[in-house]
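Survey of secondary and tertiary structure
The primary structure of each chain is shown beneath.
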Amino acid sequence: MQRPLIIDVTLRDGEQAPGVVFSIEEKVLIARLLDRVGVYQIEAGIPAMGEIEQEAIRTIAALGLQSRVSTWNRLLLTDIRASLACGVRDIHICAPISEIHIRYKLHQSHRWVLARLKEALSYALAHGCRVTVGAEDASRAEESFLVEFALVSQELGAERLRYCDTVGILDPFTTFERLSRLREKVAIPLEFHGHNDFGMATANTLAAVKAGCSYVDVTVGGLGERAGNTSLEELAAALKGIYGTELGLGDRVLQLLSRYVARAANRVSTQAEYKLRTGHRPSAYKALTTQPIQPIENMLRVERR
Ligand SMILES: [Zn+2]
């Protein structure tokens, strides 16, 4: 199995999980830990959401991380201007491509989507950005329009195309078939974005890698909308344990990152919840939810010296 490059979307899709709001300090620390873990790219948020989000993204972009730092944008120049104002030069532009989204959510046409894409992509490229394009709801879209959309993105200069299983309806077999067909028709690299509604996000992501996707989207702990996204930890473990493919991530920091994100998102491990519910060792639960994660404090102290 080839080794995919990891795009972490915890700070964008992860924060869209019900009840999850990260503070600016938490976002910055999560970004620093992701960088230490060694992910290829960090999708830091959506500048169009407002000033607090922009401040977090601006701070993360100014950290000088090894990981690329990108933002999520709609097909709107105002979104891209907001990203540029945050000092970000890696722009992800997401466009709805299924009939349900285009006709019933936006009341628009295929031609409208392609025209807006051209405008937004050209604008970002003219401002010196590296641009990736997302096909939102691709798993429910007409295949002919998906291919047309991908080829237009490629022609306009997009760096890669993100295939989004936005509502989590794929299984590994369908994922492999569809992404293999798309791989044959499109030259730019493909990125897979999976959701876990039927518990298949990790399996679907492995199928996408097998079909030729060289980039995959994950979140820490699978945190994300509805049933969540592909879990970074599960994917790394499956690639290593089943295929012997090492992602080259820092395992020790990954453990700390998992604990930190679970804490910041008010999630605790299933085991701990079980113990709490059954009345076993409530002190273990309390420790998980309240005590400082000392190795992170120590790590940052060393960095600051
Ligand atoms: Zn998503």
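As the structure is a prediction and not an experimental result, all values here were calculated from the model.

Reading guide: rules and limits
- Residues numbered from 1 in each chain as written.
- Predicted model: local features only at pLDDT ≥ 70, side-chain atom pairs only at ≥ 80, totals over all residues.
- Helix = DSSP H or I, 4+ residues; strand = E, 2+ residues; numbered from the N terminus.
- Buried ≥ 20, exposed ≤ 12 C-beta atoms within 10 Å, placed from the backbone.
- Contact = placed C-beta atoms within 7 Å.
- Core = buried A, V, L, I, M, F, W, Y, C linked by C-beta atoms within 7 Å.
- Axes fitted to C-alpha atoms, helices over the stretch in contact; angles between N-to-C directions.
- Parallel < 35°, antiparallel > 145°, perpendicular 65-115°, else oblique.
- Left-handed = near helix turned anticlockwise from the far one by under 90°.
- Nonpolar A, V, L, I, M, F, W, Y, C, P; charged D, E, K, R; others polar.
- Domains from an automatic or database assignment.
- Expected span 1.5 Å × (residues − 1).
- Arc of directions from axis to C-beta.
- Pairing = 2+ DSSP bridges.

**Considerations on the environment of Cys 164**
On the secondary structure map, Cys 164 appears in strand E6 (residues 161–164). Among the residues examined, Cys 164 registers 24 C-beta atoms within 10 Å and is labelled buried. Taking the C-alpha atoms as reference, Cys 164 lies 15 Å from Arg 183; in sequence the two are 19 residues apart. Not counting chain neighbours up to four residues away, the residues in contact with Cys 164 comprise Gly 134, Ala 135, Glu 136, Asp 137, Ala 138 and His 193.

**Concerning the nonpolar core**
In terms of nonpolar packing, the biggest core is built from 80 residues, with Ile 93, Ala 95, Ala 135, Tyr 163, Cys 213 and Val 216 touching the most fellow members. Setting aside residues up to four positions removed in sequence, Val 216 forms contacts with Pro 4, Ile 6, Ile 7, Glu 191, Phe 192, Thr 205, Ala 208, Val 209, Thr 230 and Leu 235.

**Examining the packing of helix H1 (residues 24–37) against helix H2 (residues 51–61)**
Two elements in contact, H1 and H2, have axes separated by 9 Å at closest approach and are oriented at 30 degrees. When the interaxial angle is binned, H1 and H2 end up roughly parallel. H1 and H2 meet at a crossing whose hand is right-handed. Contacts from Ile 24, Lys 27, Val 28 and Ala 31 in H1 reach Ile 52, Glu 55, Ala 56, Thr 59 and Ile 60 in H2. Split into classes, the residues belonging to the contact of H1 with H2 amount to six nonpolar, one polar and two charged.

**Details of the environment of Arg 162**
Along the polypeptide, Arg 162 turns up in strand E6. Along the sequence, Arg 162 and Glu 191 sit 29 residues apart, while their C-alpha atoms lie 4.4 Å from each other. With sequence-adjacent residues up to four places away left out, Arg 162 is seen in contact with Thr 132, Val 133, Gly 134, Ala 135, Glu 191 and His 193.

**Quick notes on the domain arrangement of the protein**
Here the protein is partitioned into domain 1 (5–267) and domain 2 (269–305). Here the C-alpha centre of domain 2 lies 29 Å away from the C-alpha centre of domain 1. At the interface, five residues of domain 1 touch five residues of domain 2. Classifying every residue of the side of domain 1 that touches domain 2 gives three nonpolar, no polar and two charged.

**Notes on helix H7 (residues 172–185)**
Look at H7: 20 Å from first C-alpha to last across 14 residues, which is about the 20 Å you get at 1.5 Å a residue. When H7 is considered as a whole, its buried residues turn out to be Thr 175, Arg 178, Leu 179 and Leu 182. The arc enclosing the buried residues of H7, seen along the axis, measures out at 95 degrees, which places them on a common side. Exposed side chains of H7 directed beyond 90 degrees from the buried face belong to Phe 173 and Glu 184.

**Remarks on the sheet that holds strand E4 (residues 90–96)**
Overall, parallel pairing links the eight strands, which are arranged E1-E2-E3-E4-E5-E6-E7-E8 in a closed barrel. Along the sheet, successive strands turn relative to each other by an average axial angle of 25 degrees, direction set aside. In the sheet, strand E2 (residues 41–43) pairs with strand E3 (residues 68–73) via three bridges, with the strands oriented parallel. Residue pairing for E3: Gln 41 is matched across the bridge by Arg 68. Strands in contact with helix H5 (residues 110–126) are E4 and strand E5 (130–136); relative to E4, the strand with the most contacts, it is inclined by about 175 degrees.

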